[in-house]
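Survey of secondary and tertiary structure
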Amino acid sequence: MEKRYVIGIDFGTESGRVVLVDADNGDEIADHETRYAHGVMMERLPGSGKRLEPDWTIQHPGDYLEVLRHSVPQVLRASGVGPGQVVGIGVDFTSCTMLPVDERGTPLCMQDAYRDEPHAYVKLWKHHAAEEESARIDELAAARGETFLGRYGGKGSSEWMLAKIWQTLNEAPHIYETAHRFMEAGDWIVYRLTGNPVRSGCSAGYKAFWHKTDGYPSPSFLKTLDPRLERLAETKLSGEVRPIGTKAGGLTEEAAALTGLLPGTAVAVAVIDAHAGVPGSGAVKPGQMVMAMGTSLCHMMLSDKEAAVEGVRGVVEDGIIPGLYGYEAGQPAVGDLFGWFVGHAVPAYVQESSDGEGISVHVWLEREAARQKPGGHGLLALDWWNGNRSVLAETDLSGLVVGMTLQTKPEDIYRALLEATAFGTRKIIEAFEASGVAMHELFACGGLPRRNRLLMQIFADVTGREIKVAASSQTTALGAAMFGAVAAGSERGGCADIAEAAVRMAKVREETFRPNPEHKAVYDELYREYCRLHDLFGRGGFRVMQELKRIKLEQNG
Ligand SMILES: Nc1ncnc2c1ncn2[C@@H]1O[C@H](COP(=O)(O)OP(=O)(O)O)[C@@H](O)[C@H]1O
Ligand SMILES: O=C(CO)[C@@H](O)[C@@H](O)COP(=O)(O)O
């Protein structure tokens, strides 16, 4: 039989990556990346240059279509694989990354009348300007004893669908009215590919308070929140919510022409990027946790039981792997935090030295920091440069480094930042264990495990766990491709289910990161201090970070 292939399309924060995978064994035959031309916009609208308010983060949906237009044909060309050999396509996307569209699915920001309207654009997952709306949703849900809140550690997020939609309604009611639907960008891509406005049970479950038997929050809750929202679920959130691991439809003629694939090719229901990394790493059993380590860090935990875990960002039955409860927790700045330090806080001599050696500043700092012993720099940091997602769930928290002196060097701070992210992860693992959700096996995937060995060793030392690293450098795209194989089905050369796909297609590297007991002992001491700082600044005793933000907003008003 002719060989069969599947395609995974991974829409990350800065770029989209397409990988062409052998459906028999998961070998990655070709990949291609298209960077988003408009990138991540935090200050101005494209075109007019209109200023965005603080905490805004938007994208242009046209950039996503460019990924389909360039990267899909490119992997076919590079591999020599014929379009008829591609049996399935899977899409993963950052989430909640959402946009308003009209009745034909055209984004409002791509229409002349709305090009100058910030609310017509894609609100990226890290758009944090709906904080007030989010706080009010939490307050009302708690006051009414809404059961949905319990599945999200008692707190929603300004990153999520309802807060973002309500912000649109409050600040731009005409955009809200004009929008036929608000869609997750991953669902919108699947809609573009298949013509079906099918929603993913994964993103609806984790980011829109949707539950497989209860659906979205009730009209009565929404009406009390704001009478204008009463019919939100049946109107602007309409579209069947389907479980991941199912087929959303076949490629339309138009999408086939755009991508160079054949009409009718099976397209899977979209999946959140971090979640795609779970089967992509081979994790499909209870007790396995996968850390998707990139710009942010998402912790996905599989379990056969449902428990209330402090600060967990969601527990969804069938949300990651059908048949299991999938928990998500996370840290919203990890690679972004190291990237911030490299981009904004290193002196010229570091840049010159790394340029002189022909290596990146990250690699230079990692090498220098790796020469130190744990605790050797005398520093301790809180990793909240983009707020805290778990366990405190508060976006107004900010970063902190304690212990700096006139002797402190850039590599000391860099190492302290790496360590802070590892302490944040230990807090999350301990929250799971405190709720009886035990973790037996820890995997890592994403860009960082390949880029920074010191970071991975510190994670092993701080958590005291062995870390297995996914063999693929495109684990999320591979995971998406696996969902594409399941959508195709075994009779077409794909897979019967995601567990079979993981066994057949996922691999981990032979080398693992094991904890060094001496390092672990020092990190236990530092972690004790981290917890003290964490609670002091994060649990309400000392609200200096929130006050600083308030004053900043007033002054920049
Ligand atoms: N050597 C490095 N060490 C630590 N962080 C790095 C290094 N190189 C790049 N980064 C950070 O990694 C992040 C990109 O991670 P990656 O997994 O490739 O992307 P994404 O999260 O968008 O999928 C960026 O935030 C960047 O600052
Ligand atoms: O929030 C989630 C997953 O729930 C991610 O999509 C978001 O953190 C973006 O992740 P990356 O940019 O892939 O690090």
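What you see is a predicted model; the values in this text were computed from it and never measured. (Residues numbered from 1 in each chain as written. Chains lettered and ligands numbered in written order. Predicted model: local features only at pLDDT ≥ 70, side-chain atom pairs only at ≥ 80, totals over all residues. Heavy atoms only, no water.)

Right, let's talk about the overall build of the protein chain for a bit. The number of helices and strands found in the protein chain is 19 helices and 22 strands. Against the compact-globule benchmark of 24 Å for 557 residues, the protein chain has a radius of gyration of 23 Å, which places it among compact chains. With the C-alpha coordinates of the protein chain rotated into their principal frame, the extents come out at 65 × 55 × 50 Å. When each of the 557 residues of the protein chain is scored for burial, the buried share is 60%. Here the analysis covers contacts within the protein chain between residues at least 6 apart in sequence; of these, 73% occur between residues at least 24 apart. (Helix = DSSP H or I, 4+ residues; strand = E, 2+ residues; numbered from the N terminus. Rg over C-alpha atoms; globule rule 2.2 N^0.38 Å. Buried < 20%, exposed > 50% of the residue type's maximum accessible area, 1.4 Å probe, protein only. Contact = heavy atoms within 4.5 Å.)

Glancing now at the pairing of strand 17 (residues 325–331). Side-chain positions along a regular strand alternate between the two faces of the sheet. In terms of residue burial, strand 17 counts as a mostly covered element, since 7 of its 7 residues are buried. Across the two faces of strand 17 the burial is the same, with Y325, Y327, A329 and Q331 and G326, E328 and G330 all buried. Here strand 15 (residues 297–303) pairs with strand 17 via 7 bridges, running antiparallel. The residue bridging M301 from the neighbouring strand is Y327, located in strand 17. Sheet topology places strand 16 (residues 314–317) next to strand 17; 4 bridges connect them, and they run antiparallel. Note on strand 17: the bridge partner recorded for G314 is E328. (Pairing = 2+ DSSP bridges.)

Near ligand 1 lie 15 residues; those nearest to it are R17, T295, G335, G447 and R451. In this structure, an oxygen atom belonging to ligand 1 sits 2.9 Å away from a main-chain N or O atom of G335. Contacts to ligand 1 include Y414, whose side-chain N or O atom sits 3.4 Å from a nitrogen atom. Against a free-state accessible area of 590 Å², the protein chains account for coverage of 80% of ligand 1. Counting residues per element, the ones that place at least two in the shell around ligand 1 are helix 10 (335–344) and helix 14 (448–451). Here the shell around ligand 1 gets 4 residues from one element, more than from any other, and that element is helix 10. (Near = heavy atom within 4 Å. Polar contact = N/O pair within 3.5 Å; in protein donor to acceptor, adjacent residues only side chain to side chain. Areas by Shrake-Rupley, 256 points an atom, 1.4 Å probe, with all protein chains shown as cover.)

Right, let's talk about the packing of aromatic side chains for a bit. Counted under the stated rule, the structure contains 20 aromatic pairs. The interplanar angle of 75 degrees and the centroid separation of 5.9 Å between the aromatic rings of F11 and Y64 together place this pair among those described as edge-to-face. Of this pair, F11 sits in strand 1 (residues 5–11) while Y64 sits in helix 1 (residues 61–79), and the two are 53 residues apart along the sequence. Residue class for Y64 comes out buried when judged on its relative accessible area of 0%. (Phe/Tyr/Trp six-rings, centres within 6.5 Å; stacked < 30°, edge-to-face > 60°.)

The subject of this paragraph is the side chain of T34. Among the structural elements, T34 can be located in strand 3 (residues 28–35). In terms of polar contacts, T34 uses its side chain to reach the side chain of S71, at 2.6 Å. Among residues more than four places away in sequence, those in contact with T34 are S15, G16, E66, V67, H70 and S71.

Once that is clear, we can look at unusual backbone geometry. Cis rather than trans, the peptide bond between S95 and C96 has omega equal to -5 degrees. Along the chain, the position of C96 falls in the loop between strand 5 (86–93) and strand 6 (98–101). The omega angle of the peptide bond from S390 to V391 is 0 degrees, so this bond is cis rather than trans. As for its position among the elements, V391 is in the loop between strand 18 (380–382) and strand 19 (400–402). In the Ramachandran plot, D55 falls in the positive-phi region, its phi being about 70 degrees despite a non-glycine side chain. Non-glycine residue D318 carries a positive phi angle of around 65 degrees.

Moving on: the site of ligand 2. Neighbouring ligand 2 are T13, T94, S95, W125, K207, I272, D273, T295, S296, C298, E328 and R389. Within the side chain of T13, a nitrogen or oxygen atom sits 2.4 Å from an oxygen atom of ligand 2. In this structure, an oxygen atom belonging to ligand 2 sits 2.8 Å away from a side-chain N or O atom of D273. For ligand 2, whose unbound accessible area comes to 380 Å², protein coverage reaches 92%.

Let's shift gears to the UniProt feature "domain: Carbohydrate kinase FGGY C-terminal" (unreviewed entry) in the protein chain. Under the UniProt annotation, "domain: Carbohydrate kinase FGGY C-terminal" (unreviewed entry) lies at residues 290–488. Secondary structure across residues 290–488 divides into 42% helix and 19% strand, with the first and last C-alpha atoms of the span separated by 26 Å. (UniProt positions renumbered as here; feature names shortened; annotations may be inferred.)

This part covers the pattern of salt bridges. Within the structure shown, the criterion is met by 38 salt bridges. Here R453 and E511 are joined by a salt bridge, their closest N and O atoms 2.6 Å apart. Here E511 lies in strand 22 (residues 508–513) and R453 lies in helix 15 (residues 453–463), a separation of 58 residues in the sequence. Residue class for R453 comes out partly exposed when judged on its relative accessible area of 44%. Salt bridges sharing partners connect three or more residues here, namely E159, K207, E328 and R389. (Salt bridge = Lys/Arg side-chain N within 4 Å of Asp/Glu carboxyl O.)

One finds I7, I9, F11, Y64, W188 and I189 to be the most contacted residues of the largest nonpolar core, which totals 83 residues. Examining the composition of this core, we find that 9 residues originate from one element, helix 16 (residues 475–488), more than from any other. Apart from residues lying up to four places away in sequence, W188 is in contact with P61, Y64, L65, L99, V101, G105, P107 and M183. Counting 68 residues, the second largest nonpolar core, distinct from the first, contains L297, L380, L397 and L455. (Core = buried A, V, L, I, M, F, W, Y, C linked by side-chain atoms within 4.5 Å.)

This part takes up the packing of helix 12 (residues 361–370) against helix 13 (residues 410–434). One way to put it is that helix 12 packs onto helix 13 with a least axis distance of 9 Å and a crossing angle of 90 degrees. Viewed along their axes, helix 12 and helix 13 adopt a mutual orientation that is roughly perpendicular. Across the interface between the two elements, H362, W364, L365, E366, E368, A369 and A370 of helix 12 pack against P410, E411, Y414 and R415 of helix 13. Taken together, the residues that form the contact of helix 12 with helix 13 break down as 6 nonpolar, 1 polar and 4 charged. (Axes fitted to C-alpha atoms, helices over the stretch in contact; angles between N-to-C directions. Parallel < 35°, antiparallel > 145°, perpendicular 65-115°, else oblique. Nonpolar A, V, L, I, M, F, W, Y, C, P; charged D, E, K, R; others polar.)

This part is about the environment of V267. Turning to its location among the elements, V267 is positioned in strand 12 (residues 266–268). Residue V267 is classed as buried on the basis of its relative accessible area of 0%. Placed 20 residues apart in sequence, V267 and K247 show a C-alpha to C-alpha distance of 5.8 Å. The contacts of V267, once residues within four sequence positions are left out, are I89, V190, L193, T194, K247, A248, G249, L251 and A487.

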